[in-house]
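Given next are the chains, with one letter for each unit.
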Amino acid sequence: MEVRVDRDRCAGSGLCVSYAPEVFDQSEDDGKVLLKEPLPGTGAAGAVRAMAARCPTGAITVHGHGHAHGHGHGEPAAPREPSEAV
Amino acid sequence: MSYDAEPIPLHTRRARFDPAGELRRLSAQGPVTRVSLAPGPGDRPLWLVTGYQEVRQVLGDQARFSTGRRFGPRTPAGGHDGHRPDDGIGLLMDYDPPEHTRLRRMLTPEFTVRRMRRLQPRIEALVTECLDTMERAGPPADLVELFASAIPGPVLCELIGVPRDDRGDFLRRCHAHLGTGRGRQERTAAGSAFTRYLAALVARQRKDPDHGFLGTLVRDHGPEFTDKELRGICVLLMLAGLDNISGMLGLGALALLENPGQLAVVRDDPEAMDRAVEELLRYLSVPHAPTPRTAVEDVTLGGKLIRAGETLVCSIPMANRDPALIAEPDRLDVTREPVPHVAFGHGIHHCLGAALARMELRIAYTALLRRFPALRLATPAEDVVFRVRSTAYGVERLPVAW
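Being a predicted model, the structure only gives us computed values, none of them experimental.

(A) Molecular detail of the side chain of R282 of chain B. Residues and elements named next belong to chain B. Looking at the element boundaries, R282 is found in helix α13 (residues 273-284). We classify R282 as buried; its relative accessible area is 0%. Only 3.3 Å separates the side chain of R282 from the backbone oxygen of R331, close enough to count as a polar contact. In contact with R282, other than residues within four places in its own chain, are N320, R321, L325, I326, P329, R331, R336, V339 and H341.

Rendered as structure tokens:
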């Protein structure tokens, strides 16, 4: 599994940092997501997929293992909104 | 017509913990419907968005659904425009990019999870004080007066940096200013005293910045903010952090008291609280709706053609009860795997204080159940009076015993 973050989209909610601190961090400078571990082990896969779905701006995507973007455990995928970098 | 006789706007109507039946009937017709929120003179029909996916679509697309457009079609937001009223300056949710981006970029670092954790000991102390007062008062006590409404104000004062001695006056003026149950004249008078106090606070921090929220903003970005923007940001924090938190604390306590099995889960296992907070945020959905959006261009949403310039109101309680989000949406289950609910909104205007709110709710619920493990309602459940005339749903009073 490969994790990618889009810092332009990130609104700094800090959800990912709270729930998967081994994978995500939050910058002291701009409050946005920092990726600590782009290739998390299978142990973190569930938490990371859940974060991709719960991220309020769709800034986290998960790639590889045949899964599409941002799927949690049967939860709705975070739809990709028309992009506007903010 | 007296204020209380005015009809309750459709999108704020509830049936105890649930969205009102008329809202459900409306959403059965489709995820986007043309309605009048409060029929009467001057009311114009608008679009009510009740579907989860459609709400996310609107809130996630600031290019086509503007929050700032109602202040003028091409007005740059901020301290430099001629349209935005003075008391609207700094209210972030009413800004579009790029002005929104400019302000939000400077504020986001002040609300990180790490920064909020630094406030944790202070919040715990404030919650303990409230529980001490409640314990001293003895049962039966009003959980709203002594707990739900007593916690958010001091927490916000702590965040903004309002000195302890000033807090009583400050919060009284703030409630009078933001309160919906008063006449316009009284609100205006309280409002000017409230904003004058904030202006003085900003001026003091400009001169001698401390290490709190305002001091840090001034030190790091002083010249980039106008005084009115800084003052407005403080107003915004009060607007966002008072009724929403008091609503969640009071209503959440009631929901747990009516579901003793679920209360026992969170009382006996502090680890279960994070999930419980997420489920309560979703199930209770105390904010009725985020800032109305204006369509910037013609756009099709949920099968309906929305014309440029038309207004959309997104229903948070309906979106969070959509089966497209979660199975059995009307069942409270504090053990659920958290889902991407929209209680804090979605997209660029997602609640700036979400990390603070989550922490505050977790600390307060946990401490309440620890202090009073045998907490119970001291009134028949059907006699509980719900708070309907407010930007956030809640209970007016909650008599409890222990």
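There is more to say after this.
(B) Focus on the nonpolar core. Residue and element names in this part refer to chain B. With 98 residues, the main nonpolar core has M134 and L398 as its most contacted residues. At eleven residues, the largest contribution of residues to this core is made by helix α15 (residues 354-371). Apart from residues no more than four positions distant in its own chain, L398 is found in contact with A141, D142, L143, V144, G250, A253, L254, L377 and V384. Counting residues in hydrophobic clusters, the runner-up holds 20 residues, among them Y52, L59, F65 and V342.

(C) Structural view of helix α11 (residues 243-257) of chain B. Along its 15 residues, α11 of chain B runs 21 Å from first to last C-alpha, staying within 8% of the 21 Å computed at 1.5 Å per residue. Within α11 of chain B, 13 of the 15 residues are buried, which leaves the element mostly enclosed by the surrounding structure.

(D) Representation of the side chain of E310 of chain B within the structure. Residue and element names in this part refer to chain B. In this fold, E310 is placed in the loop between β9 (304-306) and β10 (311-314). In terms of polar contacts, E310 uses its side chain to reach the side chain of W47, at 2.7 Å. If we skip the residues at most four places from it in the chain, E310 touches R34, W47, R293, T294, A295 and L305.

(E) A look at the packing of aromatic side chains. Residues and elements named next belong to chain B. Under the counting rule described, the total for this entry stands at seven aromatic pairs over all chains. Look at F17 and F386: their rings are 6.3 Å apart centre to centre, the planes differ by 90°, and that puts the pair in the edge-to-face class. With F17 in the loop between β1 (14-15) and β2 (18-19) and F386 in strand β12 (residues 386-387), this residue pair connects regions lying 369 residues apart in the sequence. Overall, F386 belongs to the buried group, its relative accessible area being 15%. Taking 5.3 Å as the distance between ring centres and 40° as the angle between the ring planes, the aromatic pair formed by F170 and F194 counts as tilted. Of this pair, F170 sits in helix α7 (residues 167-178) while F194 sits in helix α8 (residues 184-207); the two residues are 24 residues apart in sequence, bridging distant segments of the chain.

(F) Up close: the sheet that holds strand β7 (residues 293-295) of chain B. Residues and elements named next belong to chain B. Taken in spatial order, the five strands make up an open sheet running β3-β4-β10-β7-β5, and their pairing is mixed. The open sheet has two edge strands with one neighbour each: β3 (32-35) and β5 (65-66). Across two bridges, β7 lies against β10 in antiparallel orientation. Residue pairing across strands places T294 opposite T311, the latter belonging to β10. Along the sheet, helix α2 (residues 52-59) contacts β3, β4 (46-49), β5, β7 and β10; its crossing angle with β10, the most-contacted strand, is approximately 125°.

(G) Structural detail: the interface of chain B and chain A. Contacts between the two partners involve 32 residues from chain B and, on the opposite side, 28 residues from chain A. Across the chain B to chain A interface the summed buried area is about 2500 Å²; carbon plus sulfur atoms make up 53%. Residue E278 of chain B is joined to R54 of chain A by a salt bridge in which the shortest nitrogen-to-oxygen separation is 3.4 Å. Viewed at the interface, chain A and chain B are joined by eight residue pairs in polar contact (both at pLDDT 80 or more). For the side of chain B that touches chain A, the secondary structure elements donating two or more residues are α2, α3 (99-107), α4 (113-137), α13 and α15 of chain B. For the side of chain B that touches chain A, the element with the most residues is α4 of chain B, which contributes four residues. Each residue belonging to the side of chain B that touches chain A can be placed in one class, and the counts come to twelve nonpolar, nine polar and eleven charged.

(H) Seen up close, the environment of R49 of chain A. With respect to the secondary-structure elements, R49 of chain A resides in helix α2 (residues 42-54). Along the chain, R49 of chain A and Y19 of chain A lie 30 residues apart, while their C-alpha atoms are 11 Å from each other.

(I) Examining unusual backbone geometry more closely. All names here are of chain B. Between P97 and the following residue, P98, the backbone shows a cis peptide bond with an omega angle of 5°. Note on placement: P98 falls in the loop between β5 and α3. That bond from P139 to P140 is cis: its omega, -5°, falls within 30 degrees of zero. Within the element layout of this structure, P140 appears in the loop between α4 and β6 (141-142). Of note, the phi angle at E328 is positive, near 50°, even though the residue is not glycine. Checked against the element boundaries, E328 lands in the loop between α14 (316-320) and α15.

(J) Molecular detail of the packing of helix α6 (residues 152-160) of chain B against α7 of chain B. Residues and elements named next belong to chain B. Where α6 contacts α7, the two axes come as close as 11 Å, and the packing angle between them is 115°. The orientation of α6 relative to α7 falls into the category roughly perpendicular. The interaxial crossing formed by α6 with α7 has right-handed handedness. Along its contact with α6, which presents G153, P154, C157 and E158, the element α7 presents R167, F170 and L171. Grouping the constituent residues of the contact of α6 with α7 by class yields four nonpolar, one polar and two charged.

What counts and how
Residues numbered from 1 in each chain as written. Chains lettered and ligands numbered in written order. Predicted model: local features only at pLDDT ≥ 70, side-chain atom pairs only at ≥ 80, totals over all residues. Heavy atoms only, no water. Helix = DSSP H or I, 4+ residues; strand = E, 2+ residues; numbered from the N terminus. Buried < 20%, exposed > 50% of the residue type's maximum accessible area, 1.4 Å probe, protein only. Polar contact = N/O pair within 3.5 Å; in protein donor to acceptor, adjacent residues only side chain to side chain. Contact = heavy atoms within 4.5 Å. Core = buried A, V, L, I, M, F, W, Y, C linked by side-chain atoms within 4.5 Å. Expected span 1.5 Å × (residues − 1). Phe/Tyr/Trp six-rings, centres within 6.5 Å; stacked < 30°, edge-to-face > 60°. Pairing = 2+ DSSP bridges. Axes fitted to C-alpha atoms, helices over the stretch in contact; angles between N-to-C directions. Buried area = accessible area lost by both parts, 1.4 Å probe. Salt bridge = Lys/Arg side-chain N within 4 Å of Asp/Glu carboxyl O. Nonpolar A, V, L, I, M, F, W, Y, C, P; charged D, E, K, R; others polar. Parallel < 35°, antiparallel > 145°, perpendicular 65-115°, else oblique. Left-handed = near helix turned anticlockwise from the far one by under 90°.

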